[in-house]
Amino acid sequence: MSLIGQGQRRLEGREKVAGATRFTADLEMAGLLHVQLVLSHLPSATIRSIETESARSAPGVVAVVTGADLPTSSANGPDKPLAVERVFYVGQPVVAVIAESEAAAWDAASLVQVDLEPLPLMMDPVAAMREGASLVLEAGEVADSDDASIHGAATESEATPVQRPPNVSAVATQKRGDAAAALKTADVVIKGTYRLAGVHHAAMEPHIAMARPEPDGGMTVWAPTQGPFALRDEVAGVLEIPAHKVRVIPMPVGGGFGGKVSLLEPLLTLLARQTGRTLRLGLTRQQEFLVAKSAPAASFDLELGAKRDGTLVAIRARYHYDNGATAGWHAGISSSFLAGTYRCDNLDIVGFEVSTNKTPVEAYRAPGAPQSYFALESAMDELALKLDMDPIELRLHNAVREGDRSADGSPWPAIAMVECLEEARQHPLYTAPCTAGEGVGIALGSWGGARTPAAAGCRVEPDGTLSILIGTVDVSGATTGLAMIAAEAFGISTDKVKIQTGDTGVAPFGPIAAGSQVTYSVGGAVHEAALEARRQLLEIATEELEAAPEDLEITDGRVAVRGVPERFVDITRLVAISTEFMGRYRPIQSSGRSAVLSASPQFTVHIARVKTDAETGAFQLTGYAAIQDVGRAINPPEIEGQIHGGAAQSLGRALGEQLAYDSEGQLRTASFLDYELPSVDQLPDIDVRLIEVASVVGPLGAKGVGEPPAIPGAAAITNALARATGTRVRDLPIDRFAMARHAQSP
Ligand code: MOS
């Protein structure tokens, strides 16, 4: 193998950094109309009346549409394209104004009067679970957790005997042995409550979509979606037309992270059909915070019991997710991490999905993992401190290994938890001694990984370029790695491969770009397609060169007889004679398919080094390392980029990112002034170390990469702070004022 593992610049990178990429907002279309939304200003209310007359008569307005004007929707109340009778959260779309220009739509939207009658509201998930609490969602509006599986989540939520409190849509449990008894007899018990705020994807590109009704009753949709086929099927369902009548044209994705499969498209396509016009709807940044679904807040009561030598004997957890006005599905995922990361015979894990009057939550990079690992890895650090044991030693002592029982009872495949921990133990950031005010923290994370069948098409172009057609979009640079796989298989350089994502009318089926699965799921299909194209090319060359296929080789854009370099034919010529008028050779056109039959779970360890000021409590990350098992690194710099981004996202949960709601249900952090994304001065260089314990099923040994780096950062930094200052942070984001107070009180 010559190309795999070599660093390759992202093929689409130049146009992106040059600002030349055409995003959905850049599309021009004759007769395009613009949609503006009127959002609910209350978190829980009945709609008394909606006054639309003034908006209707405003200049440039083509239509003003309310929920009552749309076909009856079978969606749950908060999920209806436009609110009907009730609103469930601030930001819920209530009215759509359609006008000739964006400005006209804005102006007219401000003329719409929505008269709401407030209902009891439920903002606090703990209060929501109390007996007698008013219900956020009515009976029959709660069960829908399809979303979990498309992000690669192994959900083990089951119908369970645990009594459901009010506003709880599902309960996840993991039970093994007798945790209560084991905690009683344990030498050491750690008990803590760990909380994380809800956080926002904060994609650079807010949600946007364009839709055009077609003369045959179909619909064309342009959208920066992570999942064109998933979006196609959803729109077909909403419009009640066959899937083949919906054509989704996938656009470049300006940041996805789980939030960009579908959002505006059901409403937009209904409006397009109703008006018979081409429409575009894009969210402003503030609307993005209110309308786009974010990641849930969570709270974990966690108890660990251990023997004096560090052996874990019990894990007991009670936790809940604050899902906003939807059912949610994170708790099951979290339960599998709490139960499956360390060897432990006694488990009592119960997680609740709670609904409140906030914007419904959604998948966000490793959904359920940053939350459960913040709790678990904080508690493990507390345990190490209490036992006066090295934190890596403690984890190695309890780490699951290949063949051990995972949360669902199946044996772990080839995982590299131990290898990641061993690498961390030797890392200079970990071994260097700490000066006064310095601390080093480590934390671990894992992700199961998704898999979906995939197909790819391939042909060779007149200039000898290999064109690969797939149905999966590129949100992370993964297609550069796919191009390397194709180049390697075919025998040309990567710059001679062009990977294109086709629209759903013509593209081979491909999975959504989510769940850390693009390379894992699509790589094999691309590999097979390129190999078959090579076979077809050599078949033609065999006749042209009068040589056996096994004697031929592809080098420098030509097919030559091995050992007889003067006997060759250019690839361009082989393409020409297989596509020419009255030609005799069949064109080179291949396809490949793949279905990886099992997941390849990924492990990672992060190391954070902090320097704190003893007087002010201020702290600065001074060093950071991410060690991750990727199976086989197809394109190392692309993986490093993924890890940098993910680490920043996991650190952001600690450093200030927070969806803060007030008691009236208003989001107080609905702008980048208030919502604290980590800034470049807060983040040190991130040293990435890749571990390669090959997957036995993934293409070329590869495992998923995208999700794990978004998991351990928060615990790594709070563990470092605990060691630097003696102050244990159990609530995220870190309260800097509390740190200052702790610093001042000896
Ligand atoms: Mo994702 S959160 O699997 O895009």
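Here, the structure is the one placed above.
Thresholds applied
Residues numbered from 1 in each chain as written. Predicted model: local features only at pLDDT ≥ 70, side-chain atom pairs only at ≥ 80, totals over all residues. Heavy atoms only, no water. Helix = DSSP H or I, 4+ residues; strand = E, 2+ residues; numbered from the N terminus. Rg over C-alpha atoms; globule rule 2.2 N^0.38 Å. Buried < 20%, exposed > 50% of the residue type's maximum accessible area, 1.4 Å probe, protein only. Contact = heavy atoms within 4.5 Å. Areas by Shrake-Rupley, 256 points an atom, 1.4 Å probe, with all protein chains shown as cover. Lys, Arg positive; Asp, Glu negative; His and termini not counted. Charge placed at Lys NZ, Arg CZ, Asp CG, Glu CD. Core = buried A, V, L, I, M, F, W, Y, C linked by side-chain atoms within 4.5 Å. Pairing = 2+ DSSP bridges. Axes fitted to C-alpha atoms, helices over the stretch in contact; angles between N-to-C directions. 1 Å grid on protein atoms, 1.4 Å probe; cavity = no way out; pocket = protein on both sides within 12 Å on 5 of 7 lines; lining within 4 Å. Points joined across faces, edges and corners; volume = space filled by probe spheres on them. Nonpolar A, V, L, I, M, F, W, Y, C, P; charged D, E, K, R; others polar. Parallel < 35°, antiparallel > 145°, perpendicular 65-115°, else oblique. Left-handed = near helix turned anticlockwise from the far one by under 90°. Expected span 1.5 Å × (residues − 1).

**Student:** Can you walk me through the overall build of the protein in this structure?
**Tutor:** The secondary structure content of the protein amounts to 20 helices and 27 strands. The globule rule puts the C-alpha radius of gyration for 746 residues at 27 Å, and the 27 Å found for the protein is close to it. Principal-axis analysis of the C-alpha atoms gives the protein an extent of 85 × 70 × 50 Å. Out of the 746 residues belonging to the protein, those deemed buried represent 60%. Sequence separation of at least 24 residues holds for 80% of the intrachain contacts in the protein that already meet a minimum separation of 6. A total of about 29200 Å² of accessible surface is found on the protein, and carbon and sulfur atoms cover 50% of it. Side chains of the protein give 63 positive and 90 negative charges; the mean places of these two sets differ by 2 Å.

**Student:** Please clarify how the nonpolar core should be interpreted in this entry.
**Tutor:** Across soluble globular proteins, you tend to see nonpolar side chains buried next to one another. With 94 residues, the main nonpolar core has Leu304, Tyr319, Leu383, Leu421, Ile607, Ile717 and Ile734 as its most contacted residues. Those residues in contact with Tyr319 that lie beyond four places of it in its chain are Ala172, Ser299, Phe300, Ala331, Ser334, Ser335, Leu338, Ile349, Val350, Gly351 and Phe352. Core analysis: the second largest hydrophobic core is formed by 49 residues, Ala456, Ala483, Ala486 and Val561 among them.

**Student:** Teacher, can you tell me more about the sheet that holds strand E16 (residues 438–447) here?
**Tutor:** Think of a sheet as strands paired side by side through backbone hydrogen bonds, with each pair either parallel or antiparallel. Judged by pairing direction, the sheet is mixed, and its 4 strands sit side by side in the order E16-E24-E25-E26 without closing on themselves. Only two strands of the sheet have a single neighbouring strand rather than two, namely E16 and strand E26 (686–691). Averaged over all adjacent pairs, the angle separating strand axes in this sheet is 15 degrees, with direction ignored. Where E16 lies against strand E24 (residues 602–612), 10 bridges are found, and the strand directions are antiparallel. Across the sheet, Ala443 pairs through a bridge with His606, a residue of E24. Packing against the sheet, helix H19 (residues 713–725) makes contact with E16, E24 and strand E25 (619–629), and its axis sits at approximately 155 degrees to E16.

**Student:** So what exactly am I meant to see when it comes to the sheet that holds strand E7 (residues 168–176) here?
**Tutor:** Taken together, the 6 strands give an open sheet; going across it, the order is E7-E15-E14-E13-E8-E27, and neighbouring strands pair in mixed fashion. Looking at strand neighbours, the two that pair on one side only are E7 and strand E27 (731–732), the edges of this open sheet. Looking at chain direction, E7 and strand E15 (residues 347–354) are connected through 8 bridges and run antiparallel. Within the sheet, the bridge partner assigned to Thr173 lies in E15 and is Val350. The sheet contacts of helix H11 (residues 369–387) involve strand E8 (188–196), strand E13 (297–306), strand E14 (312–322) and E27, and relative to E8 the element is tilted by about 145 degrees.

**Student:** Even after reading the chapter, I still don't get the pairing of strand E17 (residues 454–460), so can you show me in this structure?
**Tutor:** Every other side chain in a regular strand lies on the same face of the sheet, so the side chains alternate between the two faces. The buried fraction of E17 amounts to 6 of the 7 residues, a majority that puts the element mostly inside the structure. Relative to strand E23 (residues 589–594), E17 runs antiparallel, the two sharing 6 bridges. Residue pairing for E23: Ala455 is matched across the bridge by Arg593. For E17 and strand E18 (residues 466–470), the ladder comprises 5 bridges, and the chain directions are antiparallel. When the bridges of E18 are listed, Cys458 appears paired with Ile468. Once E17 ends, the chain turns through 5 residues before running back antiparallel as E18, passing Gly464 with a positive phi of about 90 degrees.

**Student:** Can you help me understand empty space enclosed by the protein in this one?
**Tutor:** By rolling a water-sized probe across the atoms, one finds the places where empty space is left. Applying the stated criterion to the full structure yields 2 cavities of 30 Å³ or more. Approximately 70 Å³ is the volume attributed to the largest cavity. Taken together, His207, Ile208, Ala223, Pro224, Thr225, Lys260, Val261, Ser262, Leu263, Leu264 and Glu265 make up the full set of residues lining the largest cavity. Grouping the amino acids of the lining of the largest cavity by side-chain chemistry returns 6 nonpolar, 3 polar and 2 charged. There is about 40 Å³ of room inside the second largest cavity. As for the second largest cavity, its lining consists of His201, Ala202, Ala203, His207, Gly256, Gly259, Lys260, Glu288, Ala292 and Lys293.

**Student:** So what exactly am I meant to see when it comes to the side chain of His320 here?
**Tutor:** Secondary-structure assignment places His320 in strand E14. Residues in contact with His320, not counting those within four places in the same chain, are Pro125, Val126, Met129, Ala297, Ala298, Ser299, Phe352 and Val354.

**Student:** Just checking my understanding: could you explain the environment of Pro370 for this structure?
**Tutor:** With respect to the helices and strands, the residue Pro370 is situated in helix H11. In this structure, the C-alpha to C-alpha distance between Pro370 and Tyr430, residues 60 residues apart in sequence, is 22 Å. Once you skip the residues sitting within four places of it in the chain, Pro370 turns out to touch Leu196, Arg365, Arg653, Ala710 and Ile711.

**Student:** Please clarify how unusual backbone geometry should be interpreted in this entry.
**Tutor:** Across residues other than glycine, the phi torsion is negative in most instances, and most of the peptide bonds are trans. Here the amide bond leading from Leu732 into Pro733 is cis, since omega sits at 0 degrees, within 30 degrees of zero. Mapped onto the fold, Pro733 is located in the loop between E27 and helix H20 (736–744). The backbone phi angle of Glu85 is positive, close to 70 degrees, even though this residue is not glycine. Summarising the element assignment, Glu85 is placed in the loop between strand E3 (61–66) and strand E4 (86–87).

**Student:** I tried to follow the side chain of Asp381 on my own but got confused; where do I start?
**Tutor:** Residue placement: Asp381 occurs in helix H11. Those residues in contact with Asp381 that sit more than four places away from it in its chain are Pro391, Arg395, Asn719, Arg723 and Arg728.

**Student:** Is there a simple way to explain the packing of H11 against helix H12 (residues 391–398) in this structure?
**Tutor:** Geometry of a packed helix pair, given as the angle between the helix axes and the separation of the axes. One way to put it is that H11 packs onto H12 with a least axis distance of 9 Å and a crossing angle of 110 degrees. Between H11 and H12, the crossing angle belongs to the class labelled roughly perpendicular. Viewed along their axes, H11 and H12 form a crossing whose handedness is right-handed. Contact residues: Glu377, Met380, Asp381, Leu383, Ala384 and Leu387 in H11; Pro391, Leu394, Arg395 and Asn398 in H12. For the contact of H11 with H12, a count of residues per class yields 6 nonpolar, 1 polar and 3 charged.

**Student:** What is the right way to read the pairing of E8 from this model?
**Tutor:** What you see with E8 is a clean split: Val188, Ile190, Gly192, Tyr194 and Leu196 sit on the buried side and Val189, Lys191, Thr193 and Arg195 on the side with no burial. As paired strands, E8 and E13 are joined by 9 bridges and run antiparallel to one another. Residue pairing across strands places Val188 opposite Ala306, the latter belonging to E13. Examined bridge by bridge, E8 and E27 share 2 bridges and lie parallel to one another. Bridging from a neighbouring strand, Arg195 pairs with Asp731 of E27.

**Student:** Help me out: how do you make sense of H11 in this one?
**Tutor:** Between its terminal C-alpha atoms H11 stretches 26 Å, which fits the 27 Å expected from 19 residues at 1.5 Å a residue. By the criterion of burial, H11 is predominantly enclosed, with 17 of the 19 residues buried. The first or second residue beyond H11 is Asp388, which carries a positive phi of 55 degrees.

**Student:** How do you make sense of the environment of Ala478 when you look at a structure like this?
**Tutor:** Within the secondary structure layout, Ala478 lies in helix H15 (residues 478–490). Along the chain, Ala478 and Thr359 lie 119 residues apart, while their C-alpha atoms are 31 Å from each other. Apart from residues lying up to four places away in sequence, Ala478 is in contact with Val518, Thr519 and Glu638.

**Student:** What am I meant to see in the environment of Thr718 here?
**Tutor:** Examined against the element boundaries, Thr718 turns out to sit in helix H19. Setting aside anything within four residues of it in sequence, one finds Thr718 in contact with Phe374, Ser378, Arg728, Val729, Leu732 and Ile734.

These values are about where atoms sit, not about what they do.
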